[in-house]
Amino acid sequence: MNDDQLLRYSRHILLDEVGIEGQEKLLNSHVLIIGAGGLGSPVALYLGSAGVGHITIADHDRVDTTNLQRQIAHNLARVNEFKAESARQAIAAINPDVKVTTVTERAEGELLDRLVQGADLVLDCTDNFATRHAINRACVKHRKPLVSGAAIRFDGQVAVFDTSASEQAPCYACVFPESELLEETRCATMGVFAPLVGIIGSTQAAEALKLICGVGQPLTGRLLMLEGKSMEWSEMKLMRNTACTVCGSAHR
Ligand SMILES: [Zn+2]
């Protein structure tokens, strides 16, 4: 680390749990963020400001005026630009040393597989089940930790799925089976309370930084749920489903 970096990251380095060693791990890490909307915005800003060395941001959507109520990486001047590119500019304005790769095609199929394989850790900041399941499959296949977040109306949830952590650690599909037809509830039709995506996205960013630095206990195998109206958090322990169609023993 050079003098500029020692100064920039001094408040992390002062934390015994992070220190120079942890900060070096962040600088040497490559994180994939899928979705640069409400959750992806705080994730991108915190990972960028904290000095994650290489961030790949995948989002095929463009910034729209209706996004600005909550998607804090974007601004009025960047309406109609790709969200991934807008988020790249937001990071560059804070921390130009971070290498940011933008992907403006839909992250699916071979592209998704390649992106996940190339990253140390993946953050799912998307808003639909089909994409979530595709990301989960790629993470299980390549044994990458997945920090998953969701937010709608006043409620949100966060969990870490890392099947390489232990034999009991579940994947996303153990908890939300692919066969279950879950009703899609998306911000476009249901509404979302602006700071909720900030709370959930910031929690995802915290878990990602903890996992990279090896700090504390990650949310692996735990689903953290927030009821925003009462501001009550609750937690559910998650177990691997041995019959899971993605990570179950018959499918590995
Ligand atoms: Zn599973």
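Placed above this text is the structure.
Description of the structure in this document. Since this is a predicted model, take the numbers as computed values, not measurements.

## Remarks on the overall build of the protein
When helices and strands are counted, the protein shows 10 helices and 8 strands. At 17 Å, the protein has a C-alpha radius of gyration in line with the 18 Å of a compact globule built from 252 residues. Each principal axis of the C-alpha atoms in the protein carries an extent, and together these give about 50 × 40 × 40 Å. Taken over 252 residues, the protein has a buried fraction of 50%.

## Section: a nonpolar patch on the surface
Among the surface-exposed residues, Met 1, Leu 6 and Ile 20 lie close enough to one another that they form a single nonpolar patch of about 220 Å² accessible area. Along the chain, Leu 6 turns up in helix α1 (residues 3-8). Given a relative accessible area of 33%, Leu 6 falls into the partly exposed group.

## Observations regarding the sheet that holds strand β6 (residues 155-161)
Taken in spatial order, the 8 strands make up an open sheet running β3-β2-β1-β4-β5-β6-β7-β8, and their pairing is mixed. At either end of the open sheet lies a strand with only one pairing partner, and these are β3 (99-103) and β8 (232-237). Strand-to-strand, the axes of this sheet are offset by a mean angle of 15 degrees, without reference to chain direction. With 3 bridges joining them, strand β4 (residues 121-124) and strand β5 (residues 146-152) adopt parallel strand pairing. Each bridged residue has a counterpart across the sheet, and for Val 122 the counterpart in β5 is Leu 146. With respect to the sheet, helix α4 (residues 40-49) is in contact with β1 (30-34), β2 (54-58) and β4, its orientation differing from that of β1 by roughly 165 degrees. Sheet contacts for helix α6 (residues 109-118): β1, β2, β3 and β4; angle to β1, the most-contacted strand, approximately 145 degrees.

## Notes on the packing of aromatic side chains
Enumeration over the complete set of coordinates arrives at 3 aromatic pairs. On the numbers, 4.8 Å between centres and 35 degrees between planes, the contact of Phe 154 with Phe 193 is tilted. Remark: Phe 193 occurs in the loop between α9 (187-190) and α10 (194-213) and Phe 154 occurs in the loop between β5 and β6; sequence separation between them is 39 residues. Between the aromatic rings of Phe 161 and Tyr 172, the centroid separation amounts to 5.7 Å while the plane-to-plane angle is 90 degrees, which identifies the pairing as edge-to-face. Of this pair, Phe 161 sits in strand β6 while Tyr 172 sits in helix α8 (residues 172-175), placing them 11 residues apart in sequence. An aromatic cluster of at least three residues, connected via ring pairs, comprises Phe 161, Tyr 172 and Phe 176. Cation over ring: Arg 62 sits above Phe 82, and NZ or CZ is 4.0 Å from the ring centre.

## Observations concerning the packing of α6 against helix α7 (residues 129-142)
Geometrically, a packed helix pair is captured by the angle between its two axes and the distance between the axes. Two elements in contact, α6 and α7, have axes separated by 9 Å at closest approach and are oriented at 45 degrees. In terms of orientation, α6 lies oblique with respect to α7. By crossing handedness, the relation of α6 to α7 is classed as right-handed. Of the residues in α7, those in contact with Leu 112, Asp 113, Val 116 and Gln 117 of α6 are Ala 134, Ile 135, Ala 138, Cys 139, Lys 141 and His 142. The residue inventory of the contact of α6 with α7, partitioned by class, reads 6 nonpolar, 2 polar and 2 charged.

## Focus on the nonpolar core
In terms of nonpolar packing, the biggest core is built from 41 residues, with Val 31, Ile 33, Leu 47, Val 52, Ile 55, Ile 57 and Leu 123 touching the most fellow members. For this core, the leading source of residues is α10, giving 8 residues. If you look at the next biggest cluster of nonpolar residues, it comprises 21 residues, including Leu 115, Val 116, Ala 119 and Cys 139.

Rules behind the numbers
Residues numbered from 1 in each chain as written. Predicted model: local features only at pLDDT ≥ 70, side-chain atom pairs only at ≥ 80, totals over all residues. Heavy atoms only, no water. Helix = DSSP H or I, 4+ residues; strand = E, 2+ residues; numbered from the N terminus. Rg over C-alpha atoms; globule rule 2.2 N^0.38 Å. Buried < 20%, exposed > 50% of the residue type's maximum accessible area, 1.4 Å probe, protein only. Patch = residues over 30% accessible without salt bridge, like charges linked within 9 Å, V, L, I, M, F, W, Y side chains within 5 Å. Areas by Shrake-Rupley, 256 points an atom, 1.4 Å probe, with all protein chains shown as cover. Salt bridge = Lys/Arg side-chain N within 4 Å of Asp/Glu carboxyl O. Pairing = 2+ DSSP bridges. Axes fitted to C-alpha atoms, helices over the stretch in contact; angles between N-to-C directions. Contact = heavy atoms within 4.5 Å. Phe/Tyr/Trp six-rings, centres within 6.5 Å; stacked < 30°, edge-to-face > 60°. Lys NZ or Arg CZ within 6 Å of the ring centre and 35° of its normal. Parallel < 35°, antiparallel > 145°, perpendicular 65-115°, else oblique. Left-handed = near helix turned anticlockwise from the far one by under 90°. Nonpolar A, V, L, I, M, F, W, Y, C, P; charged D, E, K, R; others polar. Core = buried A, V, L, I, M, F, W, Y, C linked by side-chain atoms within 4.5 Å.

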